[in-house]
Amino acid sequence: MNSPEQTKQPNFKAHFAELLQHAASTLTTLDTPETSPRIEMSRTKQASHGDYSCNLAMQLAKPLRKNPREIANMLIDALPDSLYLEKVEIAGAGFINLFLTNAAKQNFLPYVLKSGDKFGNSDHAQGTKIQIEFVSANPTGPLHVGHGRGAAFGASLANILAAVGFCVTREYYVNDAGRQMDILALSTWLRYLELNGIHVPFPENAYQGDYVKVMAQLIQQAHATRYVHQVDLLLEGLDIAASDAVINTDVQLDQLIANAKTILGEDYAYIHNFVLTEQLGDCRNDLMEFGVAFDTWFSEQSLFDNGLVAQTVQLLEAKHCLYQQDGATWFRSTKFGDEKDRVVQRENGQFTYFASDIAYHLNKFERGFEQVINVWGADHHGYIARVKGALQALDQDPQKLEIALVQFAVLYRDGVKAPMSTRSGEFVTLRALRQEVGKDAARFFYVLRKSDQHLDFDLDLAKSQSNENPVYYVQYAHARVCSVLAQWEDEDVAMLAEVSAETLTSPAELALLQKLIDFPDAVEAAAKEFAPHLIAFYLRELASEFHSYYNSSRFLVPEIPLRHARLALIVSTQQVLRNGLNLLGVNAPEKM
RNA sequence: GUGCCCGUAGCUCAAUUGGAUAGAGCACCAGCCUUCUAAGCUGGGGGUUACAGGUUCGAUCCCUGUCGGGCACGCCA
């Protein structure tokens, strides 16, 4: 590849790496793998260091037993010619600094303009089937701001993975089979009884939120007193005296659920199904308004209904990975690196959550996904070993499952940590956050930090419609380009892909060009590292280069060639801003 | 107590996974609107990368220890 191809978008980083690879191959002593390290080509931080830099000479210093600078000289002598290469320098301890020609940067613009919405995309993953499961919050109440982070992270990552060529399936695992759902059904029914004038003490450890009362009202409106039953036996076995006594233990709550099931009989299923449908619908709607959509809503209950949980446990049995103890069935997860063995079937015959989760993960692989990503809250980190262990026991490759741990967001209001608990009802919902700060600010704010880092979510800051909100900075750059274009009489944007950009030679212009060239690498890195924040940081830098340029130069100048060249540059910038914001689920407004 | 994660400017966070003089935003100080949007730009101060050792050409990153913070250690989900 000694000359630029006319059709395919050039990848300067990869191109320079190839040049050095070739140069390294001429050093005849480099014939074993250990002495020929992979080429690390990186962008420089300082302009004086050129555009790309390579540490190959330093890496070879030890195996070749030579001075790095001497090796660098040998590599440079053996470097093939390239039309992209302006010059090469050796600097510091032995860095090889490569400078792109201005022409290479200028001629890149048509690639951006012609690729349009697809600029930044690649086919690197070649259609590999990948599934990303995220949010998966229990449908027992509104999503709160903690879930919001998982939603923003997962949705952005899914977009990024799709951009580099993965065939992505976005999935929400619905925990519709467990005790929490029973507690919600009970809570709703008790509120419903209250509405109908029947006083029953409301357990302190039931769901306290107002949305429960709303659901009770809905049932009342639709069915009047249809679900009012004789409740004399409701407090049976709770070991409390008066009807206004306090209920607050798990044992009491479970007894209450059992009593409710007995009293309601077949009507219990209606209540249970009603609250599930209601909460799931609310959740789906909430996420949709947050710009987060799923391809699949996978029901945990379906795993039981289809017998997959029992089948999976039998499979583990067949692999001799189970044993009985204390009346329960245990999975020998210590055999696969877990700290202790885990119960899959309880003494009372019920399967544990872990059992259905094994079935779920096995099912993921049986659906043909070549790669599976779980986005989990960081409090689940202790859960990773047992799930991977179970997959391994079932002859699946645990490497195909990658867990992206997302730290919780800690809320601050007036500089004070805000309490957050679903059951007490003291939490800030995602919906409330969206209404106060807007979808765009919330989405951007969430991915502005590395996901495995704690996020201090300053509500007052996020709510403020000021320039402290970093999303405006990026959006403003986009709106500014739109504004310039609105004042350009010709307004033939398509033509800009054909104009010459050779007049773009100022430092601001060359820096902005280089930033545009960097975009595909940023997407690639974000995909590889599961790091949407890299896109957010990239966009901030791109916007910064643009704003500097905006203040340094006028675009709508009288000289037509220069005007067209500059417009081509800012329209390209507009395109990349839009593409990047799109990956993060943030709008690119035309006016602000 | 054991395991995992974290500790970087006054605050919130980066640092291309071992590279060059550790970078941004906010806050603070000084400038820039008769010109395509000032939600912007330019310049400035601010650091023993918690601490102490070690590994090597080179450490915020890897190893050991100490201190400090978070999470997890259920027949819950």
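Along every chain, residues carry numbers that run from 1 in the direction the sequence is written. The order in which chains are written sets their letters, starting at A; the order in which ligands are written sets their numbers, starting at 1. Given that the model is predicted, a residue must reach a pLDDT of at least 70 before its local features are reported, and side-chain atom pairs must reach 80 or more before they are shown or counted; all residues, however, enter totals for whole chains, interfaces and linings. Processing note: side-chain calculations cover all non-hydrogen atoms of the structure and skip hydrogens and water entirely.

Bringing helix α1 (residues 12–25) into the picture now. Secondary structure follows DSSP: runs of H or I at least 4 residues long count as helices, runs of E at least 2 residues long count as strands, and numbering of each begins at the N terminus. Given a helix with a known number of residues, its expected span is that number minus one, times 1.5 Å. Here α1 is 14 residues long and its end C-alpha atoms lie 20 Å apart, about the 20 Å a rise of 1.5 Å per residue gives. Residue burial is assigned from relative accessible area. The probe radius is 1.4 Å, only protein chains are included, and a residue is buried under 20% of its type maximum, exposed over 50%, and partly exposed in between. Within α1 the residues assigned to the buried category are F12, H15, F16, A17, L19, L20, A23 and A24. For α1, the capping residue at the N-terminal end is N11, with a side-chain oxygen 3.3 Å from the backbone nitrogen of K13. In the analysis that follows, any N or O atom pair within 3.5 Å is treated as a polar contact, provided that within protein one partner can donate a hydrogen and the other can accept it, and provided that, for residues neighboring in sequence, both atoms belong to side chains.

Examined against the element boundaries, L233 turns out to sit in the loop between α8 (210–223) and α9 (250–264). Separated by 132 residues in the primary sequence, L233 and F365 place their C-alpha atoms 47 Å from one another. Contacts between residues were defined by any pair of non-hydrogen atoms, one from each residue, lying within 4.5 Å. Beyond its immediate sequence surroundings of up to four residues, L233 is in contact with N259 and I263.

Strands pair, by our definition, only if DSSP identifies at least two bridges between them. The antiparallel open sheet is built from 4 strands, whose spatial order is β1-β2-β4-β3. Strands with a single pairing partner mark the edges of an open sheet, and in this sheet they are β1 (41–43) and β3 (85–91). Going from strand to strand, the sheet's axes swing by 30° on average, the running direction of each strand aside. Both strand β2 (residues 52–54) and strand β4 (residues 95–100) contribute to a ladder of 3 bridges, which runs antiparallel. Bridging from a neighbouring strand, C54 pairs with I96 of β4. For helices, the fitted line uses only the C-alpha atoms of the stretch in contact; every axis is such a line through C-alpha atoms, and the angle between N-to-C directions lies from 0 to 180 degrees. Contacts between helix α19 (residues 507–528) and the sheet are confined to β1, β2 and β4, with β2 contributing the most and set at about 60° to the helix.

With respect to topology, 5 strands assemble into an open sheet ordered β7-β6-β5-β11-β12, the strand pairing being parallel. On the outer flanks of this sheet lie β7 (296–299) and β12 (401–406), each paired with one strand and no other. The mean angle between the axes of side-by-side strands here comes to 25°, regardless of whether they run parallel or antiparallel. Pairing geometry for strand β6 (residues 167–174) and β7, over 4 bridges, is parallel. Bridging across to β7, Y173 finds its partner in F298.

What follows deals with the protein's contact with RNA strand B. If even one non-hydrogen atom of a residue comes within 4 Å of a molecule or strand, that residue is called near it. As a structural note, the neighbourhood of RNA strand B is formed by 61 residues, with R449, Y476, S483, S553 and R554 the closest of them. The contact atoms of RNA strand B, taken as those within 4 Å of the protein, divide so that sugar and phosphate hold 61%. Contacts to RNA strand B include R346, whose side-chain N or O atom sits 2.9 Å from a phosphate oxygen. In the environment of RNA strand B, a base oxygen lies 3.2 Å from a nitrogen or oxygen atom belonging to the side chain of E529. Where the surface near RNA strand B is concerned, the elements lending two or more residues are β1, α2 (56–64), β4, β15 (455–458), α18 (470–486) and α20 (533–552).

Further remarks concern the pattern of salt bridges. Just to be clear on terms, a salt bridge is a Lys or Arg side-chain nitrogen sitting within 4 Å of an Asp or Glu carboxyl oxygen. Inspection of every chain in the model, using the stated rule, returns 20 salt bridges. With a closest N to O distance of 2.9 Å, R43 and D518 form a salt bridge. Placement of R43 in strand β1 and of D518 in helix α19 is noted, with a sequence separation of 475 residues between them. Given a relative accessible area of 29%, R43 falls into the partly exposed group.

Between helix α7 (residues 179–195) and α9, the shortest axis-to-axis distance is 10 Å and the interhelical angle comes to 65°. It follows that α7 is roughly perpendicular to α9 by the angle criterion. In this structure, α7 meets α9 at a crossing whose hand is left-handed. The residues of α9 that touch α7, namely those facing R179, D182, I183, L186, W189 and L190, are D250, L253, D254, L256, I257, A260, K261, I263 and L264. Here roughly perpendicular refers to angles of 65 to 115 degrees, roughly parallel to angles under 35, roughly antiparallel to angles over 145, and oblique to all remaining angles. Each crossing is labelled by how the near helix is turned from the far one, with a counterclockwise turn of less than a right angle marking it left-handed and a clockwise turn marking it right-handed.

Moving on, we come to the side chain of N205. Here N205 is to be found in the loop between α7 and α8. A relative accessible area of 10% means that N205 is categorised as buried. Here N248 takes part through its backbone oxygen, which lies 3.3 Å from a polar atom of the side chain of N205. One polar contact links the side chain of N205 to the main-chain carbonyl oxygen of T249, over a distance of 3.2 Å.

As a further point, take the domain arrangement of chain A. For chain A, the assigned domains are domain 1 (12–101), domain 2 (109–126 + 466–583) and domain 3 (179–275). Just the C-alpha atoms count here: the centres of domain 1 and domain 2 sit 30 Å apart. With 6 residues of domain 1 in contact, the opposing surface of domain 2 contributes 4 residues. There are 1 salt bridge connecting domain 1 and domain 2. Scanning the region where domain 1 abuts domain 2 turns up 2 residue pairs in polar contact (both at pLDDT 80 or more). Ten residues, namely Ala, Val, Leu, Ile, Met, Phe, Trp, Tyr, Cys and Pro, are considered nonpolar, four, namely Asp, Glu, Lys and Arg, are considered charged, and the remaining ones, Gly among them, are considered polar. Per-class residue counts for the side of domain 1 that touches domain 2 are 3 nonpolar, no polar and 3 charged. Each domain span listed reflects an automatic or database assignment of domains.

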